[in-house]
Every structure is written in C-alpha cells, then in structure tokens.
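Coordinate inspection notes
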Protein chains: 2
Amino acid sequence: MSSAHTPFTGVWPAMLTPLTESLAIDEPKFAAHARALLAAGCKGVTPFGTTGEGPSFSLDERRSAVDALVAGGVAAERILVSTSCAALPETVALTRHAMAIGAHGCLMLPPFFLKGVSDQGIVDAYRWVIDTVADTRLRLYLYHIPQVAGVALSPGVIGRLKELYPQTIVGIKDSSCQREHSLALADAFIDRAMVYVGNEPDLQTLGARGSTGAISGLANMTPRLVQRLVTRFAEPGAAHDQQRVLALLDILGGYGLIPALKGIMASLQNDRGWLRVRPPLVALSDAEHERLSAQIHAFDIDPAGD
Amino acid sequence: MSSAHTPFTGVWPAMLTPLTESLAIDEPKFAAHARALLAAGCKGVTPFGTTGEGPSFSLDERRSAVDALVAGGVAAERILVSTSCAALPETVALTRHAMAIGAHGCLMLPPFFLKGVSDQGIVDAYRWVIDTVADTRLRLYLYHIPQVAGVALSPGVIGRLKELYPQTIVGIKDSSCQREHSLALADAFIDRAMVYVGNEPDLQTLGARGSTGAISGLANMTPRLVQRLVTRFAEPGAAHDQQRVLALLDILGGYGLIPALKGIMASLQNDRGWLRVRPPLVALSDAEHERLSAQIHAFDIDPAGD
C-alpha cells in the first residue's frame, strides 16, 4: 500500500453541525468546534455524517460549510467529508469539491432512497461516483449504517469494490453497532481496508483486532476519552474509559441521540444555540435539556481527561 | 374549498424516466411519453415519484426535465411534480420551481434519510417547506410510501398539517399498498383531502369509497385500463379490468418493479433504450427482458383498450 493511500488513524469526530436561529449552518461555530477538537488531540474531523445531520443539508450548504472549515483554519487534509446523497450526480459534485480543496478523503453511503436494491446496483452506484470523479488521489471510506440508511453494504459489495479500486477504497466505517459484524468485517478486510467502528463500546475490542481509528459521535464532547480507547485500548486505564463511555451512552439512551449530543454541547459550552437541529429532528425540550444537564453535571466531563 | 384548490381527478401516471446511454434523462423522450399519456386520456402526469426514480436525479436534472416537459408541449397545469428530497432547502427549491412554471402542484415525501423520527419532526419539516415557499397557490399532496422512504406519515401528522394549512394540503397519495390503511385514511380525511392510492388493485375499492383519482405506475403502459378503474369502478367491465391489473402485476412480481416497468415500455415501443435505469437499480438482463417480453406479448396489451 503506497503511503499516499495510508488510511487515517486516531479519532476523527463525526462532527455535530451547529445551527443559527434560522437553522442555517453556523459556519464560524462549526469551524471553532473543529479547531477545538483538533486542539484536543483529534487527528481530523468528519463533517456531514449521520451525527452531523449531513443529508439534511443542501449541496450548496455542505460545500460552503466545508470551505468555512478551511477558511477558519482547519487544514484541509484533516477533513474527511461525508459526501453521501440520494442522487449520484450530487455525490459526485460533493466528492469533486472535497478533492478540489485537498480534503483527506470522502466517506460515502450507498444511495439511500430506494430499498431492497441488489449488491450489483450498489457496486454500480459506487463505480459511477469513482469513475466519474476519476481522480487517483481519491481516498474513499465506505459507510455502513443500515439502521439509518436502510441500505446495507454486504461483504460481497465491499470485496468487489476493493478488487475494482484497490488504491481508492482505503477504509470501511461500520456503524451498524453490531460488534460481531464489525469483527467479521475486520477478519475479512482489515489487511486490505482499515475497519473503523462508529460504536464507541466496540472500540476496545476492535482496537485489539487491529483497528487504528474511529469516526465517533461521542468524540464531539469527549475527544480525549475516545482517542484513548482507540490508541491505548490495551493499557490499564482502558477499563475505566470503557465504563465512562458506557455510562455516557446510558444517559444518552433516554433521549433522541443527535438532539441529546447537541444538548450536551449546549450544557458544556453554556450555549443554548447548540440545541438547534434541523427537521425532521426535534430539539430537546426545556425540561429534557434541564434533566440532561443535571445528568451531565453529575457525570462531570473533564475537559482535560475526557 | 375554493376552485383554485380543487384536487386533481382521474389518472396522473407516476411517469417512468427514460434515460440516454450515459444515464442522463432523455428529455425529448420524457416529453413524448407525457404527451402520449395525455393523448391516451390521462388528466395529467406525475414526474419524479418513486416509479420515476425521482430522488436518483439531482436538483438541476429534475428542474431541467420539468422545463423540458413544458417546452415539449405538456401544459404546466397538467404536471404534478414530486419535489421530495432529503434536504429541506432542496425540496423548497424544487417546489418553488414547480410554482414558477405554473405546475398543478407538488407531491412531497417527508425527509427520508433519518429514521425513527417523531410526528412533530415530520410536521416541522412540512411547515419549513410550506412557510418558506409561502405561496397561496401551492397545492400540496402528501406522499406516504413507508416501505421505500422508511418514514411514514401517520394520521396524526396528516390531520395536523391539514389543520395548519387547510387550503394548501389538498390530497394524500397512499402507496403503502395496504388496502385497510387506505380505507382508514379515506374514512378520516377524504372529505377534507382527497385520498389517492398508488396500488392499482385497490382502485376499485377506493373508488367506491369516494376516491376520484390515482397516481399510478401501471398507467405508464395501460393508461386507459387504470383510468377506467378510477372512473368506472362500479360498471360491469370493472371486474374484467381488475383481472387485467392483477395479471399484469403477477407478471411484474417476477422482476424488480421499476426495471420491469421499463422493460415493458421497451417491449411495447420496441426501444431497448427504455431498459436503462440509474444505479442503485439494475436494468433487466437480456434473458429477463426476453422472458418479460414473451409474457407481455401473451398478455397482449391493447393500445386502444388498455
């Protein structure tokens, strides 16, 4: 594997997307959040994944906000852009934009509107994008989150794409939240395409299996904690870190995930603007936010350690 | 209800989208297909629904193809544009375009990427579009096809939207293909918002219940047959028409629905260009198309009667 195609290592948070009062992307706050995550030791950031409500934003909004990250001082090679759309020409446009600014690479779902599609159809869709973009610099991370997208990436699809594009396909993000599935993917592919899990409780197990990075939603508020689970999964403190992760997820389980992650940011930064979400999501109610704030206060996130 | 907001009646086929060799929209063929359907007695056409692979096309492609229908001689008021996108600003853009050209109205899914969203979030999403477009001429048809979109429209959502926008919400397209669900919707809403079924075997039952129109995929190749089931559901010939519909669906059941509908068009027009689909769909193989053609030949579609 050439060094130009070395996949990322460490934590690249699945960035939450802060919004203005009119529910547009708050670009200065978006860039400030990215800078803070990098300052906390994250190796990069991943805008517009599922946690970032990516497909809720238009092509223009997504391009503009990625530009704003760069203009705001985030090195382009530290940005892994999720370019997933239902329409392939739009995925192509976002992927070309990511290449043009010099982003690290792209994270890409299969087209997610039609369901029950065949493996052949999904392979054809990725081929469309890769062949149209036709750029040998493209580093593509395949994104598997069937419980949201409604369309899965089978091992057959992944294997076929890796065979067709050995230099382009550098990683797989498995956000199925099924540890056995992630381990099976690692068994099948980790020597050829790095496997990253989106489910933080699986980081320790996958680290031991050879996984060297993560795209994590929890890393928005606990970047150091997640980073340690990725890089020091075998060290004595890992059990404690794992407990912290499970406790945090236990709190989040009482709410809708993305509104609650934003609610934690609102509490930690004492900035209610972070509560905003774009429909079809609904922001935490005042009562929910108050309850969550109390839970997070008791959990006591430590900026230096979490 | 003011006459300006009278919902449509009769059959408005869910148009298949013909493609060029490079899988762009074949705009001249698209317009010719619409003209042929209107000439066959359809009251209008519905581009870019699920049968039309709507969300597989970019904003620009969809706007351009709707313009091409009008430029190709299709009266704008005979066009009901499906403007469904995952990102609300893009649904707004398509809806504004439909209004600008004078289209009859818009058919609109809820945002379909995130799953498990609340009724409140879906209502918020429609409010965003309606309030942003802010045009009293807008006629909106709510689109329920949970087995594809992965997001359902509950009776609570429909009732709330009709209450908020009594002049704008004029109809509901129920493509759940569950007759009991369609009848329950008719019981609840048909006096306030017309209920249309997308499932042709239910047309007779829903016609008897007061439904006066349909957005139908089968109407691409059998417009007269579907039109009779909608308007003459109680006449002596209806049982025979119903048998024809069931037999046609029985043939289609052996294939992927959209590729097979296009395969029938290819056979009827002796034009293999109709076979093309955009990924993630896969076109019928030669063997499948040969088998389907033989079945359709035996079924013997009659241009004057079907």
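Throughout, a residue's number is its position along its own chain's written sequence, starting from 1. Here the convention is simple: chains get letters from A, ligands get numbers from 1, in the order in which they are written. Local features in this predicted model are restricted to residues of pLDDT 70 or higher, and side-chain atom pairs are both shown and tallied only at a pLDDT of 80 or more, whereas totals for entire chains, interfaces and linings draw on every residue. No hydrogens and no water enter the side-chain calculation; it runs on all heavy atoms of the structure.

Once that is clear, we can look at the relation of the copies chain B and chain A. Superposition of chain B onto chain A requires a rotation of 180° combined with a translation of 0.0 Å along the rotation axis, giving an RMSD of 0.0 Å. Both chain copies can therefore be described as sitting about a two-fold axis. Throughout, a contact is declared for two residues whenever any of their heavy atoms are within 4.5 Å. Mapped onto chain A, 100% of the interface residues of chain B again fall at the interface, so both copies present the same surface. Residues below a pLDDT of 70 in either copy are left out; the C-alpha atoms of the rest, at least 70 in both, set the least-squares superposition of the copies.

What follows is about the interface of chain B and chain A. Between chain B and chain A, the residue contacts involve 37 residues of the former and 38 residues of the latter. Defined here as a combined quantity, buried area equals the accessible surface (1.4 Å probe) lost by two parts on assembly, summed across both. Across the interface of chain B and chain A, roughly 2,900 Å² is buried in total on both sides, 75% from carbon and sulfur atoms. By the criterion of area lost to chain A, the three top residues of chain B are Phe113, Leu114 and Pro280 of chain B, representing 24% of everything that side buries. Polar contact criterion, stated in full: a pair of N or O atoms within 3.5 Å, where within protein one must be able to donate a hydrogen and the other to accept it, and residues adjacent in sequence count only if both atoms are side-chain atoms. For the interface between chain B and chain A, the tally reads 6 residue pairs in polar contact (both at pLDDT 80 or more). Where helices and strands are cited, they refer to DSSP runs of H or I of at least four residues and of E of at least two residues respectively, numbered from the N terminus. Of all the secondary structure elements, the ones that give two or more residues to the side of chain B that touches chain A are α2 (59-71), α3 (88-101), α4 (119-133) and α5 (146-149) of chain B. For the side of chain B that touches chain A, the leading source of residues is α4 of chain B, giving 6 residues.

Side-chain positions along a regular strand alternate between the two faces of the sheet. All names here are of chain A. The element strand β5 (residues 169-174) is extensively covered by neighbouring structure, given that 6 of its 6 residues are classed as buried. In this description, strands pair whenever DSSP reports at least two bridges between them. Of the strand pairs in this sheet, strand β4 (residues 140-144) and β5 are connected by 5 bridges, and their pairing is parallel. Paired with Leu140 across the strands is Ile169, a residue of β5. Relative to strand β6 (residues 194-197), β5 is paired through 4 bridges, and the arrangement is parallel. If you follow Ile172 over to β6, its bridge partner there is Val195. Burial here depends on accessible area, computed with a 1.4 Å probe over protein chains only, as a share of the maximum for the residue type. Under 20% is buried, over 50% is exposed, and the range in between is partly exposed.

All names here are of chain A. Pairs were defined over the aromatic rings of Phe, Tyr and Trp, the Trp ring being its six-membered one, requiring ring centres within 6.5 Å. Orientation was assigned from the angle between planes: stacked under 30 degrees, edge-to-face over 60, tilted for the rest. Enumeration according to the criterion identifies 15 aromatic pairs over all chains in this entry. Judged by centre distance (5.0 Å) and plane angle (45°), the rings of Phe8 and Trp12 are tilted. What makes Trp12 buried here is its relative accessible area of 2%. Note on Phe8 and Tyr141: the rings are 5.3 Å apart at their centroids and 40° apart in plane angle, and the pair reads as tilted. Taken together, the positions of Phe8 in the segment before β1 (10-11) and Tyr141 in strand β4 put the pair 133 residues apart, joining distant regions of the chain. For the pair shown, Phe8 and Tyr141 are each scored as buried.

Turning next to the side chain of Gln242 of chain A. Checked against the element boundaries, Gln242 of chain A lands in helix α10 (residues 238-252). Those residues in contact with Gln242 of chain A that lie beyond four places of it in its chain are Arg179, Glu200, Pro201, Gln204 and Leu229 of chain A.

Residue and element names in this part refer to chain A. For salt bridges, the criterion is a side-chain nitrogen of Lys or Arg within 4 Å of an Asp or Glu carboxyl oxygen. Tallying each qualifying case throughout the model produces 22 salt bridges over all chains. Here Asp135 ties to Arg137 by a salt bridge, and the two come within 2.6 Å at their closest N and O atoms. Residue class for Arg137 comes out exposed when judged on its relative accessible area of 51%.

With that settled, consider the packing of helix α9 (residues 223-231) of chain A against α10 of chain A. Residues and elements named next belong to chain A. Running from N to C, α9 and α10 cross one another at 130°; their axes reach a closest spacing of 10 Å. With respect to α10, the element α9 is oriented oblique. The hand of the α9/α10 crossing is left-handed. For the pair α9 and α10, the contacting residues are Leu225, Arg228 and Leu229 in the first and Ala238, Asp241, Gln242, Arg244 and Val245 in the second. Residues were grouped as follows: Ala, Val, Leu, Ile, Met, Phe, Trp, Tyr, Cys and Pro as nonpolar; Asp, Glu, Lys and Arg as charged; and all remaining residues, including Gly, as polar. Among the residues making up the contact of α9 with α10, the classes are represented as 4 nonpolar, 1 polar and 3 charged. Structural elements are reduced to axes, namely lines fitted to C-alpha atoms, with helices fitted over the stretch in contact, and the angle between N-to-C directions of any two is expressed from 0 to 180 degrees. Here the word oblique covers every angle except those under 35 degrees (roughly parallel), over 145 (roughly antiparallel) and from 65 to 115 (roughly perpendicular). Take the far helix as your reference; a near helix turned counterclockwise from it by less than a right angle gives a left-handed crossing, and one turned clockwise gives a right-handed crossing.

Turning next to helix α1 (residues 27-39) of chain A. All names here are of chain A. Expected helix span is taken as 1.5 Å per residue step, with the number of steps being one fewer than the number of residues. A rise of 1.5 Å per residue sets the reference length of α1, with its 13 residues, at 18 Å; its end C-alpha atoms lie 18 Å apart and thus fit the reference within 8%. Among all positions in α1, only Lys29, Phe30, Ala31, His33, Ala34 and Leu37 are buried. Following α1 by one or two positions, Gly41 has its phi on the positive side, about 105°.

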